[in-house]
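Chain by chain, the residues:
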Amino acid sequence: MVITLESIEKARLVVRAALDKKAKDVVVLELKGLSIISDYFVICSGESTTQVRSIVDNIEKKLREEALKPSGIEGYNLNQWVLMDYGDVIVHEIGRAHV
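Parameters at a glance
- Numbers given for residues are sequential positions, taken from 1 along each chain in its written order.
- The predicted origin of the model limits local features to residues at a pLDDT of at least 70 and limits the giving and counting of side-chain atom pairs to 80 or more, whereas totals for whole chains, interfaces and linings rest on all residues.
- As a convention, hydrogens and water are excluded, and side-chain values are obtained from all of the structure's heavy atoms.
- Per the convention used, a helix needs a DSSP run of H or I reaching at least four residues, while a strand needs a run of E reaching at least two, with both numbered from the N terminus.
- Only heavy atoms matter for contacts: two residues are in contact if any of them lie within 4.5 Å across the pair.
- Here the accessible surface of atoms and residues is derived via Shrake-Rupley with a 1.4 Å probe, and residues count as covered only by protein chains that are part of the display.
- Within this scheme the basic residues Lys and Arg register as positive and the acidic residues Asp and Glu register as negative, but His and the chain ends are omitted.
- Note that the charge is assigned to NZ on lysines, CZ on arginines, CG on aspartates and CD on glutamates.
- Residues enter a patch when their relative accessible area is above 30% and they make no salt bridge; the linking distance is 9 Å between like charges and 5 Å between nonpolar side chains (Val, Leu, Ile, Met, Phe, Trp, Tyr).
- Whenever a carboxyl oxygen of Asp or Glu lies within 4 Å of a side-chain nitrogen of Lys or Arg, that contact is scored as a salt bridge.
- The rule for pairing is simple: two strands pair if DSSP sees at least two bridges between them.
- Fitting a line to C-alpha atoms yields each axis, with helices limited to the stretch in contact; the angle taken between N-to-C directions then spans 0 to 180 degrees.

1. A look at the overall build of the protein chain
At step 1: When its secondary structure is counted, the protein chain shows two helices and five strands.
At step 2: The secondary structure elements of the protein chain, listed N-terminal to C-terminal, are α-β-β-α-β-β-β.
At step 3: Based on the C-alpha atoms only, the size of the protein chain along its principal axes is roughly 40 × 30 × 20 Å.
At step 4: A separation of at least 24 residues holds for 55% of the contacts in the protein chain among residues at least 6 apart in sequence.
At step 5: Accessible surface computed for the protein chain: about 5,900 Å², of which carbon and sulfur atoms make up 54%.
At step 6: Counting 13 positive and 15 negative side-chain charges, the protein chain places the centres of these two groups 6 Å from one another.

2. Brief notes about a positive patch on the surface
At step 1: A cluster of like positive charges, contributed by K21, K22, K24 and K61, occupies part of the molecular surface.
At step 2: With respect to the helices and strands, K61 occurs in helix 2 (residues 49-64).

3. Digging into the sheet that holds strand 2 (residues 40-46)
Strand pairing in a sheet relies on backbone hydrogen bonds. The paired strands run either parallel or antiparallel.
At step 1: With mixed pairing, the five strands of this open sheet are ordered in space as 1-2-5-4-3. A single partner strand is all that each edge strand has here, and the edge strands are strand 1 (24-30) and strand 3 (72-74). Between one strand and the next, the sheet's axes are offset by a mean angle of 10 degrees, whatever the strand orientation.
At step 2: Alignment of strand 2 against strand 5 (residues 89-95), held across seven bridges, turns out to be parallel. Within the sheet, the bridge partner assigned to G46 lies in strand 5 and is G95.
At step 3: Along the sheet, helix 1 (residues 7-20) contacts strand 1, strand 2 and strand 5; its crossing angle with strand 2, the most-contacted strand, is approximately 5 degrees.

The following block contains the structure:
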């Protein structure tokens, strides 16, 4: 039996994982009824490229523990701006130098 998380629960899990690694400026935008792309955008920032990588790695780890894998991760190698696509939840992690 496969149990799936509702999109709001998934967004909350992303926020908790980001805050565990001291993400700054965390914002959740609800897009239900406004966009067919996603239900939620989670936006946050990190102070350095090392912190950006740490935040992204922790989000991916925590969601994988719930059997959730991103359909794509863009920008990971540069660690300045990273996009994680979980379908109904999109995560934007931005380095503070780029805010």
